[in-house]
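# Tertiary structure, described
Listed below are the residues making up each chain.
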Amino acid sequence: QVQLAESGGGLVQAGGSLRLSCAASGLTFSRYPMGWFRQAPGKEREFVASITWSGGSTLYADSVKGRFTISRDNDKNTVYLQMNSLKPEDTALYYCKATRLFTEYWGQGTQVTVSL
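Just so it is clear, the structure is predicted and the values come from calculations on it, not from any experiment.

Along its length, the protein chain carries zero helices and eleven strands. Moving toward the C terminus, one meets the helices and strands of the protein chain in the order β-β-β-β-β-β-β-β-β-β-β. Expected size for 116 residues packed as a compact globule is a radius of gyration near 13 Å; at 13 Å, the protein chain falls within 12% of this value. Seen through its C-alpha atoms, the protein chain measures out along the principal axes to roughly 40 × 25 × 20 Å. Residues classed as buried in the protein chain amount to 39% of the 116 residues present. Within the protein chain, contacts between residues at least 6 apart in sequence are counted, and of these 52% link residues at least 24 apart. For the protein chain, the accessible surface area stands at approximately 6,400 Å², while carbon and sulfur atoms represent 48% of it.

Okay, here's the thing in structure tokens:
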């Protein structure tokens, strides 16, 4: 059974940092490109960042470019999202996703709240 477990969310002041983790089990993690998405109240889920299976290539939404960094450790079956210079508009439930061919898996999400 595939499981993606996000952690690391919390309450932080604007300008602060958080590091999210997503631990994967039940799949060959190193074969899966991984992504982070977020969903704020009343809004649709949106793309944040993605990383190839090897970690050699990353992609970011314009809204987080230069502030967030996605990385992965295939030995630990974990993908990370380092979030710096956080803004109140970054407040959302953050999800990780594993995608390969026509299969995708989602975690349950971790809440990030950024206060003024």
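Still more ground to cover, so stick around.
Taken in spatial order, the four strands make up an open sheet running E1-E3-E8-E7, and their pairing is antiparallel. In this open sheet, the two edge strands, each paired with only one partner strand, are strand E1 (3–7) and strand E7 (68–73). Across the sheet, the mean angle separating the axes of adjacent strands is 15° when strand polarity is ignored. The pairing of strand E3 (residues 18–25) with strand E8 (residues 78–83) spans six bridges and is antiparallel. Paired with Leu18 across the strands is Met83, a residue of E8.

Here is what the cut-offs are and how they apply
Residues numbered from 1 in each chain as written. Predicted model: local features only at pLDDT ≥ 70, side-chain atom pairs only at ≥ 80, totals over all residues. Heavy atoms only, no water. Helix = DSSP H or I, 4+ residues; strand = E, 2+ residues; numbered from the N terminus. Rg over C-alpha atoms; globule rule 2.2 N^0.38 Å. Buried < 20%, exposed > 50% of the residue type's maximum accessible area, 1.4 Å probe, protein only. Contact = heavy atoms within 4.5 Å. Areas by Shrake-Rupley, 256 points an atom, 1.4 Å probe, with all protein chains shown as cover. Pairing = 2+ DSSP bridges. Axes fitted to C-alpha atoms, helices over the stretch in contact; angles between N-to-C directions.

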